[in-house]
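Coordinate inspection notes
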Amino acid sequence: VQLVESGGGLVQPGGSLRLSCEASGFTFSDYVMRWYRQAPGKARELVATITSDGGITNYADFVKGRFTISRDNAKNTVYLQMSSVKPEDTAVYYCNAIRLATYWGQGTQVTVSS
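Let us look at the structure shown here. (Residues numbered from 1 in each chain as written. Predicted model: local features only at pLDDT ≥ 70, side-chain atom pairs only at ≥ 80, totals over all residues. Heavy atoms only, no water.)

**A look at the pattern of salt bridges**
Here is the rule we go by: The salt bridge definition used is simple: a Lys or Arg side-chain nitrogen within 4 Å of an Asp or Glu carboxyl oxygen. A run of H or I in DSSP counts as a helix once it spans at least four residues, and a run of E counts as a strand once it spans at least two, with each numbered from the N terminus.
Applying the stated criterion to the full structure yields five salt bridges. One salt bridge in this structure joins Arg 99 and Asp 30, with 3.7 Å as the shortest N-O distance. One end of the pair, Arg 99, is in the loop between strand S9 (91-98) and strand S10 (102-104); the other, Asp 30, is in the loop between strand S3 (17-24) and strand S4 (32-38), with 69 residues separating them in the sequence. Bridged by salt links that share partners, the residues Arg 37, Glu 45, Arg 66 and Asp 89 form one connected network.

**Structural notes on the pairing of S4**
Just so we agree on the cut-off: A strand pair is defined by DSSP finding two or more bridges across the two strands.
Taken together, the seven bridges between S4 and S9 define a ladder with antiparallel strand orientation. Note on S9: the bridge partner recorded for Arg 34 is Asn 96. Pairing of S4 with strand S5 (residues 45-50) involves five bridges; the strand directions are antiparallel. Following the sheet pairing, Trp 35 is matched in S5 by Ala 48. The antiparallel pairing of S4 with S5 creates a hairpin that spans six residues between the two strands, and Gly 41 there sits at a positive phi of about 75°.

Geometric values such as these leave the question of function open.
This is how it looks when you write it as structure tokens:
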């Protein structure tokens, strides 16, 4: 089982970034997928959730209207489109797969700074 995040990096405030998480080793289309983030010295927090068929999404209040979660079950990939980013969005972003079991990726660093 593997979840591999990519797309992180340095972005200026107000900019955009798209994170990807490619899954392998399990039936991706059966799993709810989530993005979490963890800033230095802070607890990991849930950012966004998408159901297995992509029909329902949910967002934390602090990203609502700025971030969009989506998935492509044919590519076993979940995305997080980040727009209007703020310095407080700086964190390691993790994807998470959950059904009967739960799986985590290794994370990708996002730094928002001018």
